[in-house]
Amino acid sequence: MIEISHLTRKFEHFTAVDDLSFTVAEGEVLGFLGPNGAGKSTTMKIITGFLAPSSGTVTVDGHDITENPIAVKALVGYLPEGAPSYPDMTVLDFLDFIAQIRGFSGQEKHQRIEQVINDVALGSVCEQTIDTLSKGFKRRVGLAQAILHDPKVLILDEPTDGLDPNQKHQVRQLIRNLAKDKIVIVSTHILEEVSAVCTRAIIIANGRIVADGTPQELEAQAPADAAMADAPSAPGRLEAFFRSVTEQGAL
Amino acid sequence: MGTTGIIFKRELAAYFSTPLAYVFIVIFLVMNGIATFDLGGFYQRGQADLQPFFNFHPWLYLFMIPALAMGLWADERKTGTIELLLTLPIQLHEAVLGKFLAAWVLSGIALLLTFPVWLTVNYLGDPDNGVILAAYIGSWLMAGGFLAIGSCMSALTRNAVIAFILTAAICFLFVVSGSAIVMNAFTGWAPQTLIDAIATLSFLTHFEAISRGVLDIRDLLFFAAVIAAWLLASAVVIEIKKAN
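Residues numbered from 1 in each chain as written. Chains lettered and ligands numbered in written order. Predicted model: local features only at pLDDT ≥ 70, side-chain atom pairs only at ≥ 80, totals over all residues.

1. Regarding the overall build of chain B
Then comes step 1: Along the backbone of chain B there are 15 helices and zero strands.
Then comes step 2: Taking 18 Å as the expected radius of gyration for a compact globule of 244 residues, we find that chain B reaches 19 Å, a close match to that expectation.
Then comes step 3: By principal-axis analysis of the C-alpha atoms, chain B measures approximately 60 × 50 × 30 Å.
Then comes step 4: Scored against the burial criterion, the 244 residues of chain B give a buried share of 43%.
Then comes step 5: Taking the contacts inside chain B whose residues are at least 6 apart along the sequence as the reference set, 80% of them involve residues at least 24 apart. (Helix = DSSP H or I, 4+ residues; strand = E, 2+ residues; numbered from the N terminus. Rg over C-alpha atoms; globule rule 2.2 N^0.38 Å. Buried ≥ 20, exposed ≤ 12 C-beta atoms within 10 Å, placed from the backbone. Contact = placed C-beta atoms within 7 Å.)

Below, the structure written as structure tokens:
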């Protein structure tokens, strides 16, 4: 269970996250939506313990992120935006490093690494250095390190960004397979993805929640004219709803 | 193996997975050779010691060590891996220490590979090897001081070249702080205690004391304190700057 309570994060000139509160339970796949700069990544960085909140609390399985960051980080698998990894390392060395840091050794370490290499289909590039890999493979390396320790909580910041349709399909498949008895939070700009993998969606704008519900509930709230006119499909209706709740400030 | 050890191993391997480690070691050895045998007049002096070799080290480190340290944190920020590293279940100080130790051990390897100079002086004469050992220890400690400064400067920026220049500049101040260049700027207006305090910060004074063979605990503690203080500053800077 992730509990986020009155979470606020201020930067010098603006408030990225503004009094955000929600909880996520086991088995939920939460789609985290919002325009660029809405505070999605900042929220994820706080949940994973990279950034400290200005105020408010985040607890993961009862552990407070500020008081007990190591316990939270041990429970969480995180794919940061852009899937950063060490370019000079081979895929195998990189995963070995992550496995060691996660406390695995010997036979178990090898099994874990073998398992994730199979899960995200990295077998053909294991011995290559990461900087020689294509964007899709790099993304998969990032996913591999995030799921290596079979985390209870998986936080993925734009996991399918820049992937081709086949790769997107594979990643979604993977998320669906992983989701049982886990908490998954996925940020994305691709609304069809939300309909495809998420059990719940939260839309945030300017650091605040503007909508929270199952993808079907949100689709049903799409403005009538948009639903009739150019958005007959489910993702289309979701997109119409997304625009109607996030564009208000701009217009 | 602890977390610090795992990070240390990764960092050291990273130095050797690019040409950086090899370039560093080769240039270090070549420069040492030039300094000792040409500039230092090793043969002409007619003395069986390594003074000309060690006297050159502070100046050699001034532009070599920043090259080792500049990427420590700047590269992590630039590639975004800092977010990966600091969301793993590790303590910040373990990362700071592991990275520092990797750079320090690499500088130690380069220093050890200067052993032919030691062989030469032992072949030609009968030097005091105790003094030479003390000077090696002093040189390595000084390299550690430079590297700790470099770690902090590297944490300040995502641009490794800027980190290089800042490190070289600050290290220069620490090297010359006991010399006339700096002292003249203070004499006349600053109280004597301040002038004395600044003079004691000089890397050169402490290193020269050790390299004469006097392993005074105060000189060793000085370098230990410099390393500890700058590593602590690195951690503070990383904590503050990581959000940007």
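From this point on, the discussion continues.
2. As for the nonpolar core
Soluble, globular proteins show a tendency: their nonpolar side chains are buried together.
Then comes step 1: If you look at the biggest cluster of nonpolar residues, it comprises 144 residues, and the most contacted ones within it are Ala144(A) and Leu147(B).
Then comes step 2: The element best represented in this core is helix H10 (residues 129-156) of chain B, accounting for 15 residues.
Then comes step 3: The residue makeup of this core includes at least three contributed by each of domain 1 (2-213) and domain 2 (214-251) of chain A.
Then comes step 4: Ignoring sequence-local partners within four residues, the contact set of Ala144(A) consists of Leu95(A), Val116(A), Ile117(A), Val120(A) and Leu122(A). (Core = buried A, V, L, I, M, F, W, Y, C linked by C-beta atoms within 7 Å. Domains from an automatic or database assignment.)

3. Some thoughts on the domain arrangement of chain A
Residue and element names in this part refer to chain A.
Then comes step 1: You can read the domains of chain A as domain 1 (2-213) and domain 2 (214-251).
Then comes step 2: A separation of 26 Å is found between the C-alpha centroids of domain 1 and domain 2.
Then comes step 3: At the junction of the two partners, domain 1 supplies 17 residues and domain 2 supplies twelve residues.
Then comes step 4: Of all the secondary-structure elements, those providing two or more residues to the side of domain 1 that touches domain 2 are helix H7 (191-197), strand E9 (200-205) and strand E10 (208-213).
Then comes step 5: Each residue belonging to the side of domain 1 that touches domain 2 can be placed in one class, and the counts come to ten nonpolar, five polar and two charged. (Nonpolar A, V, L, I, M, F, W, Y, C, P; charged D, E, K, R; others polar.)

4. What about the environment of Lys40(A)?
Residue and element names in this part refer to chain A.
Then comes step 1: Relative to the elements of secondary structure, Lys40 occurs in helix H1 (residues 40-47).
Then comes step 2: Look at Lys40 and you get buried, because 26 C-beta atoms sit within 10 Å.
Then comes step 3: In this structure, the C-alpha to C-alpha distance between Lys40 and Arg208, residues 168 residues apart in sequence, is 10.0 Å.
Then comes step 4: With sequence-adjacent residues up to four places away left out, Lys40 is seen in contact with Phe32, Gly34, Ser187 and Ile204.

5. Topic: the pairing of strand E6 (residues 76-79) of chain A
Regular strands show a simple pattern: their side chains alternate between the two faces of the sheet.
All names here are of chain A.
Then comes step 1: Covered by surrounding structure in E6 are Val76 and Tyr78 together with Gly77 and Leu79, the residues of both alternating faces.
Then comes step 2: Where E6 and strand E7 (residues 153-157) come together, four bridges link them in parallel fashion. For Tyr78, the partnering residue across the bridge sits in E7 and is Ile155. (Pairing = 2+ DSSP bridges.)

6. Some words on the interface of chain B and chain A
Then comes step 1: Counting from both sides, the interface comprises 17 residues of chain B and, opposite them, 18 residues of chain A.
Then comes step 2: If you list the elements that add at least two residues to the side of chain B that touches chain A, you get helix H1 (3-17) and helix H7 (81-85) of chain B.
Then comes step 3: Taken together, the residues of the side of chain B that touches chain A break down into eight nonpolar, seven polar and two charged.

7. Focus on the packing of helix H5 (residues 57-69) of chain B against helix H11 (residues 160-176) of chain B
All names here are of chain B.
Then comes step 1: Two elements in contact, H5 and H11, have axes whose closest approach is 9 Å; the angle formed by their N-to-C orientations is 150 degrees. Here H11 runs roughly antiparallel to H5, going by the angle between their axes. Here the hand of the crossing between H5 and H11 comes out right-handed. Residues Pro58, Leu62, Phe63, Ile65, Pro66, Ala67 and Ala69 of H5 touch H11, and the partners they reach there are Phe164, Thr167, Ala168, Cys171, Phe172 and Val175.
Then comes step 2: For the contact of H5 with H11, the residue count by class is twelve nonpolar, one polar and no charged. (Axes fitted to C-alpha atoms, helices over the stretch in contact; angles between N-to-C directions. Parallel < 35°, antiparallel > 145°, perpendicular 65-115°, else oblique. Left-handed = near helix turned anticlockwise from the far one by under 90°.)

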